[in-house]
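# Report on the structure
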Amino acid sequence: MLRATLKGMASRKARLVLTSLAVVLGTMFVAAAMVLTSTMEKSVSGVIADAYQGVDTVITNGTDPAAAQGNTPSAATVPADVLDRVAGVDGVDRAVGEVSGQVNAIGSNGKLVGTFAPTIALTWDSGDDSGYIEFHEGDGPAADGEVAVSAKFVADSGLDIGDTVTAYSYTADRTDFEIVGVYGLSGDRDSLAGETQIMFTTADAQRMLLEGEDAFTTVYAYGDASTDDIAAAIGSDEYRVQTGEEASAEAAEGFAVVADFMGYIFLGFGLVAVFVSVFLIINTFTIIVAQRQRELALLRAIGAGRGQVVRSVLTEATVIGVLASVVGLGLGLLLGWGLSQVVSATMMGGLPVQLLIPATTMWALVVGIGVTVLSALIPAVKASSVPPVAAMREAVNPPKPLRGITIAGAIVFAAGTVLIALGMTDNLGGEELTGILSGVGIAFVGVTMLTPILSRPLVALLGAVMSWSFSGRLGKLNAGRNPRRTAITASALMIAVALITGIATLVSSIKSTTAEVLDLNLNSDLIVSGAQGGANIPSFSRETLAEIRELPEVAAVGDVYMDFFGTQIDGEDAPLASSEDLNAALGVFGGTVAEGSVTDLAPNSVVVDEGTAEDRNVALGDTVEVTYADGETAQLEIAAILDGYDLTNGWWVSPEQIEHFTLPKPMQAYIQLEDGADAAVVQNEVDEILADEPEVGVTNNAEFVDQQTSGLDTILAAVQILLALAMIIAVIGVVNTLVLSVLERTKELGLLRAVGMTRGQVRRMIIVESVIICLFGAVLGIAVGIGLGWTVQRALEDEGLTNFALPWGLIVMYLAAAVAVGLLAAIAPAARAAKLNVLNAIAYE
Amino acid sequence: MSTASPVKTTAVAAQGVWKAYGQGEAQVVALRDVSVEFASGAFTAIMGPSGSGKSTLMHCLAGLDTTDRGTVGIGDTTITGLGDKALTKLRRDKIGFIFQQFNLLPTLTAEENITLPLAIAGAKADPDWIKRIIHTLDLTDRLSHKPTELSGGQQQRVACARALASRPEVVFADEPTGNLDTRSGAEVLNFLRTSVDDFGQTIVMVTHDPNAAAYADRVVFLADGQIVEDMADPTADKVIDKMKHFEELVAAAQGENA
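Position numbers for residues count from 1 along each chain, tracking the sequence in the order it is written. By the order in which they are written, chains take letters starting at A while ligands take numbers starting at 1. With pLDDT at 70 or above as the cut-off, local features in this predicted model cover only qualifying residues; side-chain atom pairs require 80 or more to be listed or tallied, and sums for whole chains, interfaces and linings still use all residues. The side-chain figures draw on all heavy atoms in the structure; neither hydrogens nor water molecules are used.

With an unreviewed UniProt entry as reference, chain B is termed Putative ABC transport system ATP-binding protein, source organism Glycomyces harbinensis.

Spelled out, the test is: UniProt positions are given in the numbering used here, feature names are shortened, and annotations may be inferred rather than shown by experiment.
For chain A, the name recorded in an unreviewed UniProt entry is Putative ABC transport system permease protein, with Glycomyces harbinensis as its organism. For chain A, the Sequence similarities (unreviewed entry) comment in UniProt is given as "Belongs to the ABC-4 integral membrane protein family." As stated in UniProt under Subcellular location (unreviewed entry), the record for chain A gives "Cell membrane".

This is the structure we're talking about:
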């Protein structure tokens, strides 16, 4: 029996290759994801370990490890006297205090250096003999006012040795420094992982990052003193004492996040590929079984048991699963290695890659083989039910009735819909989101089961468009002939298109919501703001704001100051906002006052929106206690309640309180122009005023929406790669189905050719069938995807996602892609059908 | 070669046709120097035992297969050497086919199957003509049925109607009654006879059934790839009698060749 199976497989190589391809792709992406993640982790820990090379003990302020960096208002530090105590411990050869954090450095173009990877500020340790820092030119800063910068900084900033660099931080104003040295890191690298670095003297670093406090963010001790001895010498629980290895491992964890994220994306690709392959494998084996019906019946007739037939098919699946998974694993390892190189080169500044293949990669094999064998189970059981008498009969495969699967599908779909409805109407006792999401998943399965019955009207409808020629009409009829097969073939495409359409619909809904909020209410014409980046929240100076106010075309400016570093109202975390003239700002924002007044706010007053007021159970005239970032508290009286409105929700304190803010500088300004003013002209004027403001720019409202939602487009683009991948698998599925159709209809094709159908007409007939199957999958996928997007949008309506918008452009693109897939998939089967020898075709069977 | 039926014009003619399959030792010669003419408006049966080459001859005559040597003509056209496109067009416009397996398209209704060759050609059907065939074949109330809803006899009658729909120069029928019971077979044969007598249709039918051959005007006997007998106005008894003495005929033919 095994021999017969293997020989049978060898005679159907092309089909096996096609089926295997799906399994190969799935396994490949799963394996690549695992290799990428662990390789990047290993590579990152490698370079971090380099950085901690020779460091025996690391002392940090243990109260808040997350805050153990300069430049945040609550930087937890290690005071200078702790350094002295550590230095005095027996066995400590040398102890060094480091002040590290992030600063903004202004490059030669007036913009911030390293916007997406902030400039890391460090202190120069002249006693460091680890060789980790390698000077290309010059030396470390010998006196205050001097800095050394990394080679990556030079490359990004356009500044070089001898130039002056301006740097500032949350707590330090702009200060000029002279670049006296340019360094790289051991291993001929420009940076640790793509960041820019600047190295100050200890005193300068303390000024820049710690407001001049004589303290450090970290103390390094060299020598063989034990951590216990050092901890005892410090004599306070407030400090963490770690070995160099421990600190290195902890630091590496944080760095590996990028790699993990990439890993998850590829794992997602892999799992979608695996999921789609299930359909392909089921279909292929169903096809193989159908083709071998006579052979199987013959085997049964000469005495093979049902179990033997099942085993024969499963053996075939196992062989495919093993071969494909092994190939997929091999390719996955290569892909993982290649991706690691790409990630390290593009996102981690040329981090040296240390390949690590984790043992868990073997799971890709298990997944590949398991999915193949399980998917083949249904066709295998079907194969065993072929009656021996079928060997003597002509092979006919009458389409099975669809009632069973349709009823089951309808029940599943209804169950999913009910769950969604219950979730939306808040009837699931706090588990609404889980309910809605499971409902979506269940409804999805239901739709998949309903595809065969849906294929009838939809194929007829889509076919009507293509029936302008007789061969087109025949193609349409053929596509509708076996609803189950058409449905399962189209399902692969449906899943991919549904996912992508769902996400695209959400993205366009978010964009539309954002745009509407701005369009409907906002009276501004221009907006000054910056993308988050650098060390600080983007801000600009009060003087700049004043200059903008004075422009003759400017009617009003709504400015916003914000703080959320430890700010509290009545002991609960609450971001604070303020505006120099809240009344004018509300006018520009289009916000309205429900109760009280915002004109001439008293210094000790606060304004809040009605939603927040309700949550906090406070009313007009009540007094609340505010805690500022600087630790000061004050009693404020609620002077006004605002109507709920996204742009103005929250706590607004009077302008007199701005001095308590971490960053007492405006962060955004919404500019309303005089009637008749030319926005483009004023935009240029404002742009000039902003020439010396590296963090912000001026946009009109439309540009502002784009800027706010540009991240979404990146996500969408990434997800669309998914579509491309799933499409490859879908093409394989369609090819498989068409090849089978051509084989099954050899006689019909022969007849058509005999009675005068040209090869071109035969080709057109197959192409139309292919395109209809693909369009069916795409149309269904788009419908399901829109449903998916709509459900999620409704679920998030309360969170502010009020608009539902369809991504029309993308939908048209997906349909076009489906047609392209259909044409592509039809190439080989159509050529095969056209080349059929008429005589053999008629004599077939 | 005896020609009993009056020759009007020649619908199909083969001149010195040779056809062999396979190579070397395994080579089988299916047709050896066959020359035969089929008159317009005549019903000719080709008979012979299995492997005699009768199907091969029909395929070569119908432009479904190529000849190794010799020429085949249909009407005024010499089809030998024509390319696939020209042959396809020729089959579409000048030839009708009836097969043993009916070979209807299951996706089309009976009516659509009947007009299939016209639809492929993008030509307009002559409604009076189609109506007349359908009426003669008693298919009027079966037109909207799919092939699976028709009996074998009905299916073959649809196939007959299809063969005649485009008024081809010649209809080739390959064992048209092979899959039918006696009564249905008789209906089909009666129709073929009628189409010759009433419509002036030319029919070439391959069969091994003496009773079927008896409907024809003429029977050509084939054995070992050669024509061994040409009988006019056959009856079933005459045909059976001839077949009984087949071995002698073959021997005689081979003697002639030698």
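After that view of the structure, there is still more to cover.
### Some details on the overall build of chain B
Operational definition: What counts as a helix is a DSSP run of H or I of at least four residues, what counts as a strand is a run of E of at least two, and both are numbered from the N terminus. Burial here depends on accessible area, computed with a 1.4 Å probe over protein chains only, as a share of the maximum for the residue type. Under 20% is buried, over 50% is exposed, and the range in between is partly exposed. Contact definition: two residues touch when any of their heavy atoms are within 4.5 Å. Here the Shrake-Rupley method, with its probe set to 1.4 Å, supplies the accessible areas, and only the displayed protein chains count as covering residues. Asp and Glu are treated as the negative residues and Lys and Arg as the positive ones, with His and the ends of the chain left uncounted. Charged groups are reduced to one reference atom each: NZ for lysine, CZ for arginine, CG for aspartic acid, CD for glutamic acid.
Summing up its helical and strand segments, chain B has 10 helices and 10 strands in all. In terms of principal-axis extent, the alpha carbons of chain B reach across some 55 × 40 × 40 Å. Counting all 258 residues of chain B, 52% fall into the buried class. In chain B, 68% of the contacts between residues at least 6 apart in sequence involve partners at least 24 apart. Accessible surface computed for chain B: about 11400 Å², of which carbon and sulfur atoms make up 47%. Positive and negative charge centroids in chain B, built from 24 and 33 side chains respectively, lie 6 Å apart.

### Things to note about the interface of chain A and chain B
What counts is decided by this rule: Joining two parts hides part of their accessible area as seen by a 1.4 Å probe, and the buried area is that hidden amount summed over both. A carboxyl oxygen of Asp or Glu within 4 Å of a side-chain nitrogen of Lys or Arg is what we treat as a salt bridge. Any pair of nitrogen or oxygen atoms within 3.5 Å is treated as a polar contact; in protein, a donor-acceptor pairing is required on top of that, and neighbouring residues in sequence qualify only through side-chain atoms on both sides. In this classification, Asp, Glu, Lys and Arg are treated as charged, Ala, Val, Leu, Ile, Met, Phe, Trp, Tyr, Cys and Pro as nonpolar, and every other residue, Gly included, as polar.
Opposite the 22 residues of chain A that make contact, chain B presents 21 residues. Buried surface at the junction of chain A and chain B, both sides included, amounts to about 2100 Å², of which 66% is carbon and sulfur. On the chain A side of the contact with chain B, Leu751, Val755 and Leu839 of chain A bury the most area, a combined 28% of that side's loss. Where arginine 473 of chain A meets glutamate 112 of chain B, a salt bridge forms, and the shortest distance between an N and an O atom there is 2.1 Å. At the boundary of chain A with chain B, the tally comes to 6 residue pairs in polar contact (both at pLDDT 80 or more). Those elements that place two or more of their residues in the side of chain A that touches chain B are helix H14 (470-479), helix H21 (746-754), helix H22 (759-795) and helix H24 (838-843) of chain A. Of all the elements, H21 of chain A adds the most residues to the side of chain A that touches chain B, at 6 residues. Taken together, the residues of the side of chain A that touches chain B sort by class into 11 nonpolar, 4 polar and 7 charged.

### Quick look at the domain arrangement of chain A
Residue and element names in this part refer to chain A. Stated formally: Residue ranges for the domains originate in an automatic or database domain assignment.
Domain assignment breaks chain A into domain 1 (1-51 + 260-397), domain 2 (63-237), domain 3 (451-523 + 704-845) and domain 4 (539-694). A separation of 51 Å is found between the C-alpha centroids of domain 3 and domain 4. The partner domain 4 presents 10 residues to the 6 residues of domain 3 that form the contact. Taken together, the connections running from domain 3 to domain 4 amount to 0 salt bridges. Where domain 3 packs against domain 4, one counts 2 residue pairs in polar contact (both at pLDDT 80 or more). With 3 residues, helix H15 (residues 483-521) is the single largest residue contributor to the side of domain 3 that touches domain 4. Its residues placed into classes, the side of domain 3 that touches domain 4 shows 4 nonpolar, 2 polar and no charged.

### So, unusual backbone geometry
All names here are of chain B. Look at phenylalanine 102: it is not a glycine, yet its phi comes out positive at around 70°. Among the secondary structure elements, phenylalanine 102 is positioned in the loop between strand S6 (95-98) and helix H3 (110-114). With a phi close to 45°, arginine 167 is a non-glycine residue in the positive phi region. Turning to its location among the elements, arginine 167 is positioned in the loop between helix H6 (152-165) and strand S7 (170-174).

### Here's the deal with helix H9 (residues 293-301) of chain A
Residue and element names in this part refer to chain A. Heads up, the condition is: The directions from the helix axis to the C-beta atoms are what the arc is built from.
Those residues of H9 that sit buried are Gln293, Leu296, Ala297, Leu299 and Arg300. The arc enclosing the buried residues of H9, seen along the axis, measures out at 155°, which places them on a common side. Downstream of H9 by one or two residues, glycine 303 has phi in the positive range, about 110°.

### Regarding the confidence of the model for chain B
For the record, the criterion: pLDDT expresses, on a scale from 0 to 100, how confident the predictor is about each individual residue.
Within chain B, residue pLDDT values average 87, and 95% of them lie at 70 or more. Reported confidences for the modelled complex are a pTM of 0.73 and an ipTM of 0.86.

### Considering the sheet that holds strand S5 (residues 77-78) of chain B
All names here are of chain B. As a reminder of what qualifies: At least two bridges found by DSSP between two strands is the condition for calling them paired. Every axis corresponds to a line fitted to the C-alpha atoms, with the helix fit spanning only the stretch in contact, and the corresponding angles, defined between N-to-C directions, vary from 0 to 180 degrees.
Judged by pairing direction, the sheet is antiparallel, and its 4 strands sit side by side in the order S2-S1-S4-S5 without closing on themselves. At either end of the open sheet lies a strand with only one pairing partner, and these are strand S2 (28-39) and S5. Where strand S4 (residues 69-74) meets S5, 2 bridges bridge the pair, whose relative direction is antiparallel. Opposite glycine 73, over in S5, you have threonine 78 as the bridge partner. In the packing of helix H1 (residues 54-61) onto the sheet, contacts are made with strand S1 (10-21), S2 and S4, and the angle to S2 comes to roughly 60°.

### A few points about the environment of serine 130 of chain A
Positionally, serine 130 of chain A belongs in the loop between strand S5 (119-123) and strand S6 (133-138). Under the relative-accessibility criterion, serine 130 of chain A is labelled partly exposed at 27%.

### A few points about the nonpolar core
Selection criterion: To qualify as a nonpolar core, a set must consist of buried Ala, Val, Leu, Ile, Met, Phe, Trp, Tyr and Cys residues joined through side-chain atoms within 4.5 Å.
With 111 residues, the main nonpolar core has Leu116 and Phe172 of chain B as its most contacted residues. By residue number, the principal contributor to this core is H22 of chain A, which donates 15 residues. Counting contributing residues, this core receives three or more from each of domain 1 (1-51 + 260-397) and domain 3 (451-523 + 704-845) of chain A. Once residues lying within four places of it in the same chain are set aside, the contact partners of leucine 116 of chain B are Phe470, Leu751, Leu752 and Val755 of chain A together with Leu105, Leu108 and Arg162 of chain B. By size, the runner-up hydrophobic cluster in this structure holds 46 residues, among which are Ile134, Ala223, Met231 and Phe246 of chain B.

### Quick look at the sheet that holds S6 of chain B
Residue and element names in this part refer to chain B. Pairing is mixed in the open sheet, where 6 strands are placed in the order S6-S7-S8-S3-S9-S10. At either margin of the open sheet sits one strand with a lone partner, and together these are S6 and strand S10 (226-232). Adjacent strand axes in the sheet meet at a mean angle of 20° when their direction is disregarded. Of the pairings in the sheet, the one linking strand S9 (residues 218-223) to S10 comprises 6 bridges and is antiparallel in character. Opposite alanine 223, over in S10, you have glutamine 226 as the bridge partner. Docked against the sheet, H1 engages strand S3 (43-47), S7, strand S8 (203-206) and S9, running at close to 150° with respect to S7. Across the sheet, helix H7 (residues 182-199) lies against S3, S6 and S8, angled at about 155° from S8, the strand it touches most.

### Here we look at the UniProt feature "domain: ABC transporter" (unreviewed entry) in chain B
Mapped onto the present numbering, the UniProt feature "domain: ABC transporter" (unreviewed entry) falls at residues 12-249 of chain B. A distance of 25 Å separates the end C-alpha atoms of residues 12-249 of chain B, which is 37% helix and 26% strand.

### Overview of the packing of helix H5 (residues 127-136) of chain B against H7 of chain B
Residue and element names in this part refer to chain B. As a reminder of what qualifies: When an angle is under 35 degrees it counts as roughly parallel; over 145 it counts as roughly antiparallel; between 65 and 115 it counts as roughly perpendicular; any other value is oblique. Here a crossing is taken to be left-handed if its near helix is turned anticlockwise relative to the far helix by less than a right angle, and right-handed if that turn runs clockwise.
Remark: H5 packs on H7, axes separated minimally by 11 Å, with the N-to-C direction vectors making an angle of 140°. As far as their axial angle goes, H7 and H5 are oblique. Handedness of the crossing formed by H5 with H7: right-handed. Taking contact as the criterion, the partners of Trp129, Arg132, Ile133 and Thr136 in H5 are, on H7, Phe191, Thr194, Asp198 and Phe199.

### What about the packing of aromatic side chains?
Residues and elements named next belong to chain A. Counted only if it meets this: Stacked, edge-to-face and tilted labels apply to pairs of Phe, Tyr and Trp rings (six-membered ring for Trp) whose centres lie within 6.5 Å, assigned for plane angles under 30 degrees, over 60, and everything in between, in that order.
For the coordinates displayed, the defined rule picks out 9 aromatic pairs over all chains. Seen from their ring centres, tryptophan 124 and phenylalanine 135 are 5.3 Å apart, and the 90° between their planes marks the pair as edge-to-face. You can see tryptophan 124 sitting in the loop between S5 and S6 and its partner phenylalanine 135 sitting in strand S6, a full 11 residues away along the chain. Aromatic pair phenylalanine 135 and tyrosine 183: ring centres 5.8 Å apart, planes at 65°, arrangement edge-to-face. A residue pair is termed long-range when its members are at least 10 positions apart, and phenylalanine 135 in strand S6 and tyrosine 183 in strand S9 (residues 175-185) qualify at 48 residues. Members of the aromatic cluster, connected to one another through ring pairs, are Trp124, Phe135 and Tyr183.

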